[in-house]
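One letter stands for each residue in the lines below.
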Amino acid sequence: MTTLLTLQQKLEDLDVRIKSFAMQKKYAANVNKLRCFLGIEYGFALRLIVTIGDFKRFPTAGHFASFLGLTPTEHSSNEDGNYGSISKAGNIVLRKKLIEAVWSGFSRGRPGYKSRALRKRQEGCCASDIHYADKANRRLRVRFRDKIMKGKNSNVAATAVAREFSGFIWGMMTGHTADVIRKKA
């Protein structure tokens, strides 16, 4: 029992250190933007920001999804596309964390429902960022539920939602929020 308590204390200490690092001036604004989404906490937000650096280096959301290895492979010798599994050619750590974020954020809960914890995370953020994140959260919950209801394998559904989620993250971090909301709404 003491080992468990010791390990829990170590985890709490690490969480405090990650939070203090994430709230440094150069990261705080972007970390808070990302935390408006379901499934993203300090550690993952900071990892995204530090690993990607400048999100604007990706000209489109599709390029960002490709960087993460979330785009499907394609075998096409004719005009009909024959798509396979995801390419897995991108950043494996971010891809796995993004899929974990989908499982923790979008696999349960009602579309449009905002938990008390999420409302608290969104405090102090700009209204347009909150609106964008809320639209994304609602859409992705519906997409996940619809894919499961149509009989898709849950892992396939989570990966597909993660691909779309990466587009919303790219939009938030590059300022393309109005464009994405208009297209996806």
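Everything below is about the structure shown above.
Residues numbered from 1 in each chain as written. Predicted model: local features only at pLDDT ≥ 70, side-chain atom pairs only at ≥ 80, totals over all residues. Heavy atoms only, no water.

### Considering the overall build of the chain
Phase 1 of the analysis: Of regular secondary structure, the chain possesses nine helices and two strands.
Phase 2 of the analysis: Along the chain, helices (α) and strands (β) appear in the sequence α-α-α-α-β-β-α-α-α-α-α when read from the amino end.
Phase 3 of the analysis: Taking all 185 residues of the chain together, the buried fraction comes to 37%.
Phase 4 of the analysis: In the chain, once contacts between residues fewer than 6 apart in sequence are set aside, the share between residues at least 24 apart is 62%.
Phase 5 of the analysis: As displayed, the chain has an accessible area near 11000 Å², and 53% of this comes from carbon and sulfur atoms. (Helix = DSSP H or I, 4+ residues; strand = E, 2+ residues; numbered from the N terminus. Buried < 20%, exposed > 50% of the residue type's maximum accessible area, 1.4 Å probe, protein only. Contact = heavy atoms within 4.5 Å. Areas by Shrake-Rupley, 256 points an atom, 1.4 Å probe, with all protein chains shown as cover.)

### Regarding the layout of surface pockets
Phase 1 of the analysis: In this model, the largest pocket occupies a volume close to 250 Å³.
Phase 2 of the analysis: What lines the largest pocket is a set of 13 residues, among which Asp15, Glu41, Tyr42, Gly43 and Phe44 lie closest to the centre.
Phase 3 of the analysis: Elements represented by at least two residues in the lining of the largest pocket include exactly α1 (2-22), α3 (42-52) and α5 (92-106).
Phase 4 of the analysis: For the lining of the largest pocket, the leading source of residues is α5, giving four residues. (1 Å grid on protein atoms, 1.4 Å probe; cavity = no way out; pocket = protein on both sides within 12 Å on 5 of 7 lines; lining within 4 Å. Points joined across faces, edges and corners; volume = space filled by probe spheres on them.)

### Examining the packing of helix α4 (residues 61-68) against helix α8 (residues 154-174)
Phase 1 of the analysis: With their axes 9 Å apart at the nearest point, α4 and α8 run at an angle of 125° to one another. If you check the angle between α4 and α8, you find them oblique. Seen from above, α4 lies across α8 with right-handed handedness. Together, Ala61, Phe64, Ala65 and Leu68 of α4 and Arg163, Ser166, Gly167, Ile169 and Trp170 of α8 make up the contact between the two elements.
Phase 2 of the analysis: Taken together, the residues of the contact of α4 with α8 sort by class into six nonpolar, two polar and one charged. (Axes fitted to C-alpha atoms, helices over the stretch in contact; angles between N-to-C directions. Parallel < 35°, antiparallel > 145°, perpendicular 65-115°, else oblique. Left-handed = near helix turned anticlockwise from the far one by under 90°. Nonpolar A, V, L, I, M, F, W, Y, C, P; charged D, E, K, R; others polar.)

### Here we look at the state of the cysteines
Phase 1 of the analysis: Using the criterion set out here, one finds zero disulfides in the structure.
Phase 2 of the analysis: Here Cys126 is not cross-linked by a disulfide; its sulfur's nearest cysteine counterpart is in Cys125, at 7.8 Å. (Disulfide = S-S within 2.5 Å.)

### Notes on the packing of aromatic side chains
Phase 1 of the analysis: With the rule as written, the count across this model stands at nine aromatic pairs.
Phase 2 of the analysis: Here the aromatic rings of Phe37 and Phe165 are separated by 5.4 Å at their centres, their planes lie at 80°, and the arrangement is edge-to-face. Of this pair, Phe37 sits in the loop between α2 (25-34) and α3 while Phe165 sits in helix α8; the two residues are 128 residues apart in sequence, bridging distant segments of the chain. Take Phe37 and Phe165: they sit in the same class, and that class is buried.
Phase 3 of the analysis: Put simply, the rings of Phe37, Phe106, Tyr132, Phe165 and Phe168 pair up and form one aromatic cluster.
Phase 4 of the analysis: One Lys or Arg, Arg35, reaches over the ring of Tyr42 and ends 3.8 Å from the middle of that ring. (Phe/Tyr/Trp six-rings, centres within 6.5 Å; stacked < 30°, edge-to-face > 60°. Lys NZ or Arg CZ within 6 Å of the ring centre and 35° of its normal.)

### Focus on the nonpolar core
Phase 1 of the analysis: Membership of the largest hydrophobic core comes to 44 residues, with the highest contact counts inside it found for Leu34, Phe37, Leu48, Phe64, Phe165 and Ile169.
Phase 2 of the analysis: Secondary-structure elements contributing two or more residues to this core are α2, α3, α4, α5, α7 (127-149) and α8.
Phase 3 of the analysis: No other element matches α8, which puts ten residues into this core.
Phase 4 of the analysis: Filtering out sequence-adjacent residues up to four positions away, Leu48 remains in contact with Leu34, Gly53, Phe55, Phe64, Leu94 and Ile169. (Core = buried A, V, L, I, M, F, W, Y, C linked by side-chain atoms within 4.5 Å.)

### Description of the pattern of salt bridges
Phase 1 of the analysis: Enumeration over the complete set of coordinates arrives at seven salt bridges.
Phase 2 of the analysis: Glu164 is the partner of Arg139 in a salt bridge, and the nearest nitrogen-oxygen pair spans 2.3 Å. In this pair, Arg139 is assigned in helix α7 and Glu164 in helix α8, connecting sequence segments 25 residues apart.
Phase 3 of the analysis: Members of the salt-bridge network, linked through shared partners, are Arg35, Glu41 and Arg121. (Salt bridge = Lys/Arg side-chain N within 4 Å of Asp/Glu carboxyl O.)

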